[in-house]
Amino acid sequence: MAEYEATRGMPAGSDVVFGVAADVSLINRWLPHGLWVRDSGPNTLEAGGDVVPGEGRHEGLYDVSADQLRVEWGGRDHPGYAGWLQVSDSQSGTSEVTVHISLLDEPVEKTSRSRADEVQGMLEDSLRRLSDEVGARRPG
């Protein structure tokens, strides 16, 4: 199993950041390039794109826990893929987001450095774009 994680400070409080991060209608603005997601019913999403293994569209599970400021997801038809996003408060009205991806079908010892760098880069770029999206919604 290969696991990846990235953390970034956000320019707003946890309630604002979580609102943006958990909103499926906004999610494609900050997800990795090459991935799209859309709502397909209660606790399910449809996903596709260049970074999704296999052909066509895939169904995923999606769970939002507002009281824990946490979003969790996984592939229904790709059970080897799962992830979570956690928002936490920081100092003086800011917050921090950690995103974690588990690729159960990707053995660590066979994961090339370029593959690990690619996935890590996608996480970091997504958090940068989430921060930009949050900043655009902040008053003032």
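Everything numeric here is computed off the predicted structure, so don't read it as measured data.

Novice: How should I be thinking about the sheet that holds strand β2 (residues 36-41) in this particular structure?
Specialist: Ordered in space as β1-β7-β6-β5-β4-β3-β2, the seven strands form an open sheet in which the pairing is antiparallel. The open sheet has two edge strands with one neighbour each: β1 (2-10) and β2. Sheet twist, expressed as the average angle between the axes of neighbouring strands with direction ignored, equals 20°. Taken together, the four bridges between strand β3 (residues 44-48) and strand β4 (residues 58-65) define a ladder with antiparallel strand orientation.

Novice: Honestly, the environment of T94 in this entry has me stumped. Any pointers?
Specialist: Following the sequence through the fold, T94 ends up in the loop between β6 (81-89) and β7 (95-103). Remark: the alpha-carbon pair of T94 and A12, spanning 82 residues in sequence, is separated by 4.5 Å. With sequence-adjacent residues up to four places away left out, T94 is seen in contact with M10, A12, G13 and D89. From its side chain, T94 meets the backbone oxygen of Q91 in a polar contact 2.7 Å long.

Novice: I would appreciate a short explanation of the pairing of β3 in the present structure.
Specialist: Side-chain positions along a regular strand alternate between the two faces of the sheet. By the criterion of burial, β3 is predominantly enclosed, with four of the five residues buried. Sheet topology note: the β2/β3 ladder contains five bridges and is antiparallel. Across the sheet, residue G41 finds its bridge partner in β3, namely T44. What sits between the antiparallel neighbours β2 and β3 is a turn of two residues, in which N43 has the positive phi angle 60°.

Novice: Even after reading the chapter, I still don't get the packing of aromatic side chains, so can you show me in this structure?
Specialist: What describes a pair of aromatic rings is the distance from one ring centre to the other and the angle between the planes of the rings. By the definition in use, this model includes zero aromatic pairs. The residue whose ring lies beneath R70 is W84, and the NZ or CZ to ring-centre distance is 4.4 Å.

Parameters at a glance
- Residues numbered from 1 in each chain as written.
- Predicted model: local features only at pLDDT ≥ 70, side-chain atom pairs only at ≥ 80, totals over all residues.
- Heavy atoms only, no water.
- Pairing = 2+ DSSP bridges.
- Helix = DSSP H or I, 4+ residues; strand = E, 2+ residues; numbered from the N terminus.
- Axes fitted to C-alpha atoms, helices over the stretch in contact; angles between N-to-C directions.
- Contact = heavy atoms within 4.5 Å.
- Polar contact = N/O pair within 3.5 Å; in protein donor to acceptor, adjacent residues only side chain to side chain.
- Buried < 20%, exposed > 50% of the residue type's maximum accessible area, 1.4 Å probe, protein only.
- Phe/Tyr/Trp six-rings, centres within 6.5 Å; stacked < 30°, edge-to-face > 60°.
- Lys NZ or Arg CZ within 6 Å of the ring centre and 35° of its normal.

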